[in-house]
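Summary of structural features
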Amino acid sequence: MAQTGNHKGLSFGIFLAPFHRVGENPTLAMARDMELIEWIDELGFDEAWIGEHHSAGWETIASPEIFIGAAIERTRYIRLGSGVTSLPYHHPLMVANRFVQLDHMSRGRTMLGCGPGALPSDAYMMGIEPSTQRPRMEEALAAIMALLKCEEPVTMKTDWFELKEARLHLAPYSYPHFPIACASTITPSGMIAAGKHGLGVLSIGAGIPGGPEMLGKQWGIYEETAAKHGKTADRGKWRVVVNAHIAEDDEQALREVHAGERRETVTYFEDTLGRPPGRADDPLRDGVKMGTTLVGSPDTVAKGIERLLGFSNGGFGGVLFRAHEWATREQTMRSYELFARYVMPRFQGSLDTIVNSNQWAKDNRKGIFGPNVAAVKKAFTDAGREAPEEFRARTPGARDVAND
């Protein structure tokens with residue numbers, strides 16, 4: 001996915017869990033999520049990945065497919081994927097059929113993200129043992145990939161699902177199928193599952209302490225697995241997920257998100273999910289230093305992306321911002337706009353010809369713009385009028401002509 005639209009280089013998007021603090025109107029929160037996707041579609045972002053969660057109160061979208069179906073009708077360009085579909089919660093035939101349908105409805109803008117399920121409380125309510133989730137994800141993924149080939153009927157039996165001469169009666173709209181990616185945090189399982197089938201990767205672990213430094217090693221696992229199964233390791237299918245917020249300068253950006261970041265971290269990750277409390281005096285600034293959080297001016301955030309590219313030991317195809325509400329609604333929307341205006345073009349090659357054209361005009365202004373002074377003066381003379389006295393000073397290139 002590194003090549004998108006009419007540009008080259010990195011793709012950009014959001015990873016929308018979503019995160020909304022307990023106590024807010026959930027109906028309005030979901031409406032804001034849709035509004036955000038519409039906004040980044042207008043700004044030229046490439047992708048939006050929508051999560052699936054069923055408990056704990058913060059991540060309130062239960063069906064990314066329903067959300068994607070609505071977003072298809074309210075966007076024009078952006079690709080829409082599940083971030084991610086928890087495969088152990090679903091029969092693989094149903095997952096394949098739902099995403100094939102979305103692929104048709106979106107005319108090829110749908111993506112499937114796969115994972116084992118991130119919230120233990122979700123699996124607990126369904127009686128799923130945590131130790132079975134990753135093996136079940138791999139079994140379901142193998143079934144989905146076999147079904148999407150649309151070749152021989154698929155017969156497969158595991159201890160939790162069965163396929164009997166199963167086939168898709170509707171082939172994917174995209175050929176050979178829509179993009180598929182596996183989530184990867186800190187364990188090797190996501191990279192192994194993706195590498196086995198030559199799929200994309202969503203590196204969610206890049207946003208945790210030590211995550212950026214692990215990127216190169218994680219991709220090494222992918223390359224090793226892909227080679228073992230005869231697949232091509234394509235870095236263009238690799239997306240890295242990070243926290244970000246952009247403002248006009250570094251201190252303003254940090255001020256805008258400080259309270260919201262603390263509220264989310266303490267009330268959700270620590271008090272609800274049980275993550276050990278952080279020991280840093282200023283964890284937000286520490287995250288910026290470590291590269292797990294990109295908060296600052298456009299220049300600072302661009303340097304952060306360059307740093308992540310360095311950690312990857314060869315590059316990746318895209319960057320996804322974990323959508324959050326650390327700042328106000330207006331500041332959040334402005335952050336995405338600043339990124340689209342001043343950071344995205346640096347990584348997509350869209351400024352190269354503009355910068356070169358500007359430099360060419362500067363370097364050649366004496367020879368190109370200078371004669372225009374005489375031509376305009378002649379136009380006044382031919383009309384029987386005298387050129388304004390200050391004309392030369394205001395005309396492009398006049399300084400150069402006057403100094404000859």
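Owing to the predicted nature of the structure, the values given are computational and were not obtained by experimental measurement.

Calculation rules
Residues numbered from 1 in each chain as written. Predicted model: local features only at pLDDT ≥ 70, side-chain atom pairs only at ≥ 80, totals over all residues. Heavy atoms only, no water. Buried < 20%, exposed > 50% of the residue type's maximum accessible area, 1.4 Å probe, protein only. Helix = DSSP H or I, 4+ residues; strand = E, 2+ residues; numbered from the N terminus. Pairing = 2+ DSSP bridges. Right-handed = clockwise from strand over helix to strand, strands pointing away. Salt bridge = Lys/Arg side-chain N within 4 Å of Asp/Glu carboxyl O. 1 Å grid on protein atoms, 1.4 Å probe; cavity = no way out; pocket = protein on both sides within 12 Å on 5 of 7 lines; lining within 4 Å. Points joined across faces, edges and corners; volume = space filled by probe spheres on them. Nonpolar A, V, L, I, M, F, W, Y, C, P; charged D, E, K, R; others polar.

Here strand β5 (residues 110–115) lies mainly inside the structure; six of its six residues are buried. Taken together, the two bridges between strand β3 (residues 79–82) and β5 define a ladder with parallel strand orientation. From the neighbouring strand, glycine 81 faces β5, where its bridge partner is methionine 111. In this fold, the crossover linking strand β4 (residues 85–86) to β5 by way of helix α3 (residues 92–105) has right-handed handedness. The pairing of β5 with strand β8 (residues 180–184) spans three bridges and is parallel. Of the residues in β8, the one forming a bridge with glycine 113 is alanine 181.

Most of strand β12 (residues 318–322) sits inside the fold, with five of its five residues counted as buried. Here β12 shows two buried faces, one formed by Gly318, Leu320 and Arg322 and the other by Val319 and Phe321. Summarising the sheet, strand β1 (residues 11–16) and β12 pair through five bridges and their orientation is parallel. Along β12, the bridge assignment pairs isoleucine 14 with phenylalanine 321. Here four bridges tie strand β10 (residues 238–246) to β12, and the two strands are oriented parallel to one another. Paired with arginine 239 across the bridge in β12 is glycine 318.

Bringing the pattern of salt bridges into the picture now. Where charged atoms of side chains with opposite charge meet at close range, the side chains can pair. Throughout the structure, instances matching the rule amount to 18 salt bridges. As a salt-bridge pair, arginine 329 and glutamate 35 come within 2.6 Å of each other at their nearest N and O atoms. With arginine 329 in helix α11 (residues 329–342) and glutamate 35 in helix α1 (residues 26–43), the pair connects residues that are 294 residues apart, well separated along the chain. In this structure arginine 329 comes out as partly exposed when scored by relative accessible area, which is 44%. Between aspartate 299 and arginine 346 there is a salt bridge, and its shortest N-O distance comes to 2.5 Å. Residue aspartate 299 is located in helix α10 (residues 298–311), and its partner arginine 346 is located in the loop between α11 and α12 (352–363); the two are separated by 47 residues in the primary sequence. A relative accessible area of 41% places aspartate 299 in the partly exposed class.

Within this model, the second largest pocket holds a volume of roughly 550 Å³. Taken together, 24 residues make up the lining of the second largest pocket; nearest its centre are Met145, Pro176, His177, His197 and Leu199. Within the residue set of the lining of the second largest pocket, elements represented by two or more residues are α5 (130–148), β8 and α6 (189–197). By residue number, the principal contributor to the lining of the second largest pocket is α5, which donates four residues. Considered class by class, the residues forming the lining of the second largest pocket number 15 nonpolar, four polar and five charged.

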